[in-house]
Amino acid sequence: MDAIMSLCKRRGFVYQTSEIYGGINGFWDYGPLGTLLKRNLREAWVQDVVMNPCWGRNGPDGQPVEMVMVDTRIIQHPKVWKASGHVDGFNDPMVDCRETRGRYRYDHVQVFVPASGDAGDKPTFAYVGDQPSEAKQRKKAEKTFGQVKSVALSSLPQPWDRVIAPDAEKPGSLTEPRMFNLMFDTVPGAIRDEANKAYLRPETAQGIFVQAKNVWDTNRVRVPFGIAQTGPSFRNEVTPRNFTFRSREFEQMEIEFFVVPPEHLEGEEKTKSDPMDWYRFFRDWRMEWWKSIGLGGENLILREHEKDELAHYSQATSDIEYRFPFTSPGFGELEGIAYRGNFDLTQHQKHSGTKLEFRDTTRGDVLPNGSRRGVAYIPHVIEPSAGLDRGVLALLCEAYTIDPARPSPEFMKFHPRVAPIKAAVFPLVDKDGMPEVAAKLHAELKKKFGHLGMIETDAKQSIGKRYARMDEAGCPFCFTVDGDTLKDQTVTVRDRDTGAQQRIAMDKVAAFVGEKLGL
RNA sequence: GCGGGCGUAGCUCAGUGGUAGAGCGUCAGCCUUCCAAGCUGAACGUCAGGGGUUCAAGUCCCCUCGCCCGCUCCA
């Protein structure tokens, strides 16, 4: 990993944010090559997800997959995060239970102690008011102490060695209270007033959910269809770690794909295009997609979550994971695909008071004129949520190759589609008319492919050095103008991965590059 | 959050309390007809930051920041 980080700095892929001031924990910048790599990855996603969804494949319902895009703000109404659960989950001090993995708001946890207040060596019984744990723990406490009274957990001295957590069996499982400032906050408005506190989004998904109604009201889309979005999100990670993997500012590429709830499916839809069918469809296709941009092999796995790993509202979730050098032999998450039911839209409907039902006019009773009456429902959702910066990191790790047998042992094996530099044109030597011919070819390629990535040219120093530089930058093809070019209008093309050369006609170079880029 | 390691040129790293170093890379020139070749020269340092001890600190002490590793945690 150190070698990869060193190359990233040396070649201008990734720099530490504000490095000249000592850096800032959890933030990384991209240099010229890294910026293009990231842009190419995002563009590939937009192209394959939105412009030509799922490579033109039909969904499980036999119809083309429909997808539109939105661009929502980093700052949303604070209630969005109340509804999504992010505020409650992460803005208050919480205590965790090591035994049950439960998490409780610190200020909600009460404890039954003897009426005398002194429990001696006996354990006391924590509970949360109005929860099942209250009656259960009261019963146990009364059995132990007889007369009991209730005190706040915060009034007891730490560590709570003899406190039995609300849903636990053994004492001492509660952690110290911790403040989870997951979300960054800010105050819109010129005058700083805490009452106006807003948050930087911890995920792009909620922006999609809260605009879903606008999208289906104004765009002639109908369920099933998806809304996609890319953009930055912010999480105040407790421990930023592992280069850019866990950053506090990071970019996501998310799809919320809305599908018909199971109870409204008719006939063979029930066995063909149930939400779980869509879930599997996206899970498998997303896996194929990552492979298609160069992450094939044993470093990429699909991991289905166990039942006890699932969030309470999700019926199925899987992760696409990559074996990063720092996670090896384990894996790190690149993308999560979750079937979230109608949890999010239901939450926003409840908190906003706005009906978020989709009126599906292809269903319901048949009317005398043959049309359908229509039914209204809150769509279910499949959420493929990918990390763009994590994708970039995976591409960097996967591309990094060392082959001591080569003159330039260290090189970046980017798939041509994501490579920041698409091609380079060199005169073999800087004389005898070669520079002029190379300049002309360079200009031609730049005009044709410059919008996809850099097209380089360089006449300085030895040809081996120039090849080596391109290898480190991950440029897949180098075209070299030599003495023969002047006689027969051919150039050599050198393949980055093998070093092999072939000779092709100069007027075929553009077609060659186009083909390799998949155009 | 706890523990460990590290921080000196763009990169990799030497550096015994006494003048800031090497290799590679970069740049310029020469040379060069296919793989970091050779020759000549040049530029590049708040020694992570701050404070202290000392006649003198890259070196010793304290604090802070950052990165890596392990544990903990992880929507």
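The shown structure was predicted, so the numbers you read here are calculated from the model rather than taken from an experiment.

**Student:** When you look at the environment of Ile 382 in this model, what are you seeing that I'm missing?
**Tutor:** On the secondary structure map, Ile 382 appears in strand 20 (residues 380-387). Owing to a relative accessible area of 0%, Ile 382 belongs among the buried residues under this scheme. For Ile 382 and Ser 314, which are 68 residues apart along the polypeptide, the C-alpha to C-alpha distance reads 9.8 Å. Apart from the residues lying within four places of it in its own chain, the contact partners of Ile 382 are Ile 255, Glu 256, Phe 257, Val 259, Pro 275, Trp 278, Tyr 279, Phe 282, Ile 337, Ala 338 and Tyr 339.

**Student:** Which parts of the structure should I look at to understand the sheet that holds strand 7 (residues 124-128)?
**Tutor:** Two modes of strand pairing occur in sheets, parallel and antiparallel, and in both the strands are linked by backbone hydrogen bonds. In space, the 4 strands of this open sheet follow the order 8-6-7-9, with mixed pairing throughout. Either end of the sheet is taken by a strand with one partner, and the two such strands are strand 8 (148-152) and strand 9 (163-164). Both strand 6 (residues 109-114) and strand 7 contribute to a ladder of 4 bridges, which runs antiparallel. Bridged to Val 109 within strand 7 is Val 128. Where helix 5 (residues 132-145) meets the sheet, it contacts strand 6, strand 7, strand 8 and strand 9, and its direction lies at approximately 165° from that of strand 7.

**Student:** Could you clarify how one ought to interpret the pairing of strand 24 (residues 454-457) in this entry?
**Tutor:** Two faces make up the sheet, and in a regular strand the side chains alternate between them. Bridge analysis of strand 23 (residues 421-427) against strand 24 gives 4 bridges, and the strand direction is parallel. Paired with Ala 423 across the strands is Ile 455, a residue of strand 24.

**Student:** I tried to follow the layout of surface pockets on my own but got confused; where do I start?
**Tutor:** Of the volumes computed, that of the largest pocket is approximately 1,700 Å³. Lining the largest pocket are 48 residues, with His 86, Glu 203, Arg 235, Tyr 313 and Glu 333 positioned closest to its centre. Mapped onto the lining of the largest pocket, the elements with two or more residues apiece are helix 3 (78-84), helix 4 (86-90), strand 14 (249-259), strand 16 (316-322), strand 17 (332-339), helix 9 (343-352), strand 20 and helix 10 (388-399). At 6 residues, the largest contribution of residues to the lining of the largest pocket is made by strand 17. For the lining of the largest pocket, a count of residues per class yields 13 nonpolar, 16 polar and 19 charged. In this structure, the second largest pocket is lined by 15 residues; those nearest its centre are Asn 40, Glu 43, Ala 44, Arg 417 and Leu 452.

**Student:** Help me understand the packing of helix 2 (residues 32-51) against helix 10, please; the structure alone is not making it clear to me.
**Tutor:** Each packed pair of helices is defined by two parameters, the angle between the axes and the distance between the axes. Two elements in contact, helix 2 and helix 10, have axes whose closest approach is 10 Å; the angle formed by their N-to-C orientations is 115°. For the element pair helix 2 and helix 10, the recorded crossing hand is right-handed. Each of Leu 37, Lys 38, Leu 41 and Arg 42 in helix 2 lies in contact with helix 10, whose residues at this interface are Leu 388, Asp 389, Gly 391, Val 392, Leu 395 and Leu 396. Partitioning the contact of helix 2 with helix 10 into residue classes produces 6 nonpolar, 1 polar and 3 charged.

**Student:** What's the story with the side chain of Ser 247 in this structure? I'm lost.
**Tutor:** Here Ser 247 shows up in the loop between strand 13 (225-234) and strand 14. Among the polar contacts made by the side chain of Ser 247, one reaches the main-chain carbonyl oxygen of Thr 244 at a distance of 3.0 Å.

**Student:** Could you clarify how one ought to interpret the sheet that holds strand 26 (residues 490-495) in this entry?
**Tutor:** The 5 strands are arranged 24-23-25-26-27 in an open sheet whose pairing can be described as mixed. Each end of this open sheet is capped by a strand with a single partner; those strands are strand 24 and strand 27 (501-505). The sheet shows a mean angle of 25° between the axes of neighbouring strands, direction not considered. Along the sheet face, helix 14 (residues 509-516) touches strand 25 (477-481), strand 26 and strand 27 and points at about 170° away from the line of strand 25.

**Student:** Would you mind showing me how to read the protein's contact with RNA strand B here?
**Tutor:** Taken together, 46 residues are adjacent to RNA strand B, and Lys 9, Gln 16, Phe 243, Pro 407 and Arg 469 come closest. Among the atoms of RNA strand B close to the protein, meaning within 4 Å, 62% are from sugar or phosphate groups. Between RNA strand B and Thr 492, the relevant distance is 2.7 Å, taken from a base nitrogen to a side-chain nitrogen or oxygen of the residue. Between RNA strand B and Gln 501 there is a distance of 2.7 Å, counted from a base oxygen to a side-chain nitrogen or oxygen. For the surface near RNA strand B, the leading source of residues is helix 12 (residues 463-473), giving 7 residues.

Conventions used here
Numbering of residues starts from 1 in every chain and runs along the sequence as written. Chains carry letters and ligands carry numbers; both start at the beginning, A for chains and 1 for ligands, and go up in the order they are written. Given that the model is predicted, a residue must reach a pLDDT of at least 70 before its local features are reported, and side-chain atom pairs must reach 80 or more before they are shown or counted; all residues, however, enter totals for whole chains, interfaces and linings. Side-chain measures were taken over the full set of non-hydrogen atoms in the model, leaving aside hydrogen atoms and water. Helix and strand definitions here come from DSSP, where helices need a minimum of 4 consecutive H or I residues and strands a minimum of 2 consecutive E residues; each element is numbered from the N-terminal end. Only protein chains enter the accessibility calculation, which uses a 1.4 Å probe; a residue is then buried when its area is under 20% of its type maximum, exposed when over 50%, and partly exposed in between. By definition in these notes, contact holds between two residues if any of their heavy atoms fall within 4.5 Å. Here a strand pair is declared whenever DSSP counts at least two bridges between the two strands. Every axis in this analysis is a line fitted to C-alpha atoms, fitted for helices over the stretch in contact. Angles between the N-to-C directions lie between 0 and 180 degrees. Grid points spaced at 1 Å and placed over the protein atoms alone form the basis of the search, with a cavity being a set where a 1.4 Å probe fits but cannot get out and a pocket an open set showing protein on both sides within 12 Å along at least five of seven lines. Lining residues have an atom within 4 Å of a point. Grid points are joined across faces, edges and corners, and a volume is the space filled by probe spheres set on the points. Side-chain classes follow a simple rule in which Ala, Val, Leu, Ile, Met, Phe, Trp, Tyr, Cys and Pro form the nonpolar group, Asp, Glu, Lys and Arg form the charged group, and the remainder, Gly included, forms the polar group. Take the far helix as your reference; a near helix turned counterclockwise from it by less than a right angle gives a left-handed crossing, and one turned clockwise gives a right-handed crossing. The term polar contact refers here to a pair of N or O atoms within 3.5 Å; inside protein, the definition further demands a hydrogen-donor-capable atom paired with an acceptor-capable atom, and it admits residues adjacent in sequence only when both atoms are side-chain atoms. By convention in these notes, a residue is near a molecule or strand provided one of its non-hydrogen atoms lies within 4 Å of it.

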